[in-house]
Amino acid sequence: SQKIEQNSEALNIQEGKTATLTCNYTNYSPAYLQWYRQDPGRGPVFLLLIRENEKEKRKERLKVTFDTTLKQSLFHITASQPADSATYLCALVRDTGRRALTFGSGTRLQVQP
Amino acid sequence: DAGITQSPRHKVTETGTPVTLRCHQTENHRYMYWYRQDPGHGLRLIHYSYGVKDTDKGEVSDGYSVSRSKTEDFLLTLESATSSQTSVYFCACQDEGDSPLHFGNGTRLTVT
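We now turn to the structure provided with this report. Everything numeric here is computed off the predicted structure, so don't read it as measured data.

**A short note on the pairing of strand β4 (residues 32-38) of chain A**
Residues and elements named next belong to chain A.
Right, on to step 1. Of all the seven residues making up β4, seven are buried; the element is thus mostly covered by neighbouring parts of the structure.
Right, on to step 2. Because side chains alternate across β4, one face comprises the buried residues Tyr 32, Gln 34, Tyr 36 and Gln 38, and the other comprises Leu 33, Trp 35 and Arg 37, equally buried.
Right, on to step 3. Note: β4 against strand β5 (residues 45-51), six bridges, orientation antiparallel. Bridge pairing in β5 links Trp 35 to Leu 48.

**Structural notes on the packing of aromatic side chains**
Right, on to step 1. Scanning the entire structure with this criterion turns up 16 aromatic pairs over all chains.
Right, on to step 2. Residues Phe103(A) and Phe103(B) carry aromatic rings whose centres are separated by 5.8 Å and whose planes lie at 75° to one another, so their mutual orientation is edge-to-face. Linking Phe103(A) in strand β10 (residues 101-103) with Phe103(B) in strand β10 (residues 102-103), this pair reaches from one chain into another.
Right, on to step 3. On the basis of relative accessible area, Phe103(A) is assigned to the buried category, the value being 5%.
Right, on to step 4. In this structure an aromatic cluster arises from ring pairing among Tyr36(A), Phe46(A), Phe103(A), Tyr31(B), Tyr33(B), Tyr35(B), Tyr48(B), Tyr50(B), Phe90(B) and Phe103(B).

**A look at the pattern of salt bridges**
Right, on to step 1. Evaluated as defined, the whole model comprises seven salt bridges over all chains.
Right, on to step 2. Arg58(A) is the partner of Glu56(A) in a salt bridge, and the nearest nitrogen-oxygen pair spans 2.8 Å.
Right, on to step 3. In this structure Glu56(A) comes out as partly exposed when scored by relative accessible area, which is 40%.
Right, on to step 4. Exposure remark for Arg58(A): the relative accessible area of 58% places this residue in the exposed category.
Right, on to step 5. For Lys70(B), the salt bridge goes to Asp73(B), with nearest N and O atoms at 3.4 Å.
Right, on to step 6. The network of salt bridges with common partners includes Arg36(B), Asp38(B) and Arg44(B).

**Remarks on the interface of chain B and chain A**
Right, on to step 1. Each side of the interface is counted separately: chain B has 26 residues, and chain A has 21 residues.
Right, on to step 2. Summed over both partners, the interface of chain B with chain A comes to about 1700 Å²; 47% of that surface belongs to carbon and sulfur atoms.
Right, on to step 3. Per-residue buried area on chain B facing chain A is highest for Leu43(B), Tyr50(B) and Asp98(B); these three make up 27% of the total on that side.
Right, on to step 4. For the pair chain B and chain A, the number of links is zero salt bridges.
Right, on to step 5. Our count for the chain B to chain A interface comes out at five residue pairs in polar contact (both at pLDDT 80 or more).
Right, on to step 6. If you list the elements that add at least two residues to the side of chain B that touches chain A, you get β4 (31-38), β5 (42-51) and β6 (54-57) of chain B.
Right, on to step 7. The biggest single contributor to the side of chain B that touches chain A is β5(B), with five residues.
Right, on to step 8. Among the residues making up the side of chain B that touches chain A, the classes are represented as ten nonpolar, ten polar and six charged.

**Comments concerning the pairing of strand β8 (residues 73-78) of chain B**
All names here are of chain B.
Right, on to step 1. Among the six residues that make up β8, five are buried, leaving the element largely enclosed by the rest of the structure.
Right, on to step 2. In terms of strand pairing, strand β3 (residues 19-25) meets β8 through six bridges, oriented antiparallel. Counterpart to Arg 22 in the pairing with β8 is Leu 75.
Right, on to step 3. Pairing geometry for strand β7 (residues 64-70) and β8, over five bridges, is antiparallel. Among the inter-strand pairings, Ser 65 is bridged to a residue of β8, identified as Thr 77.
Right, on to step 4. Linking β7 back to β8 in an antiparallel pair, the connection comprises two residues.

The rules we used
Within every chain, residues take consecutive numbers counted from 1 along the sequence as written. Each chain is given a letter, starting from A, and each ligand a number, starting from 1, according to the order in which they appear as written. The predicted nature of this model means local features are confined to residues of pLDDT at least 70 and side-chain atom pairs, given and counted, to a pLDDT of 80 or more, with totals for whole chains, interfaces and linings taken over all residues. For the side-chain quantities, the full set of heavy atoms in the structure was used; hydrogens and water were omitted. For every residue, the accessible area (1.4 Å probe, protein chains only) is compared with the maximum for its type, and the residue is labelled buried under 20%, exposed over 50%, or partly exposed between those bounds. Note on conventions: DSSP H or I runs of at least 4 residues are helices, E runs of at least 2 residues are strands, and numbering of each starts at the N terminus. A pair of strands is treated as paired once DSSP finds two or more bridges between them. Each Phe, Tyr or Trp ring (for Trp, its six-membered ring) is paired with any other whose centre lies within 6.5 Å, and the angle between the two planes then decides the class: stacked below 30 degrees, edge-to-face above 60, tilted in between. The rule for a salt bridge is simple: a side-chain nitrogen of Lys or Arg has to be within 4 Å of a carboxyl oxygen of Asp or Glu. Pairs of residues are marked as contacts when any of their non-hydrogen atoms sit within 4.5 Å. When two parts are put together, the accessible area they lose, computed with a 1.4 Å probe and summed over both, is reported as buried area. N or O atoms closer than or at 3.5 Å make up a polar contact, with two conditions inside protein: a donor-capable atom paired with an acceptor-capable one, and, for residues adjacent in sequence, both atoms drawn from side chains. As a working rule, the residues Ala, Val, Leu, Ile, Met, Phe, Trp, Tyr, Cys and Pro are called nonpolar, Asp, Glu, Lys and Arg charged, and the rest polar, with Gly in that last group.

Pasting the structure below:
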């Protein structure tokens, strides 16, 4: 069955360090992958999209990589700040039937000042 | 950002009662989605819509139905609520097939 796995344990890092979050998937051949941020009591907010033919995408302090051979995406936040503390979700488009996004369960990031 | 609102924001209901959750968007986006979010499961797709009167089932559609009679409105109905449907429900809209989803801030539903 198709599965998306994100580390369910919270990631705790010090302010200024680089946070790296992992998204692994099985039995998918996604055309693209998206990353979202979710704060408590709010809906997810889109951050970045990376396509299967792109190795890396950057936006300000954010960087996403996409390795279709390893079936893995890495999400990096450089020079992390306490305001970056949130849950980060990866999402893949289903590659069968009508295309809709399937989400991982998310990884909570806590940046300590 | 897309204007998308969900109502109600909170609801407590009893087992066996019907419940309708509403989602309204002001962006004229074609695609709309209903997800539920539970601890340890992340967001799971319930139903989605590719346009007016064009809906399809997601991975956890049992016990739920939807209707979309207008582009801007997407309704989720629990015909007979059960305790397993206690969850936070998120609606989202999307302009094109691979564009970002814009989410509402959720409805917290408790079935007692």
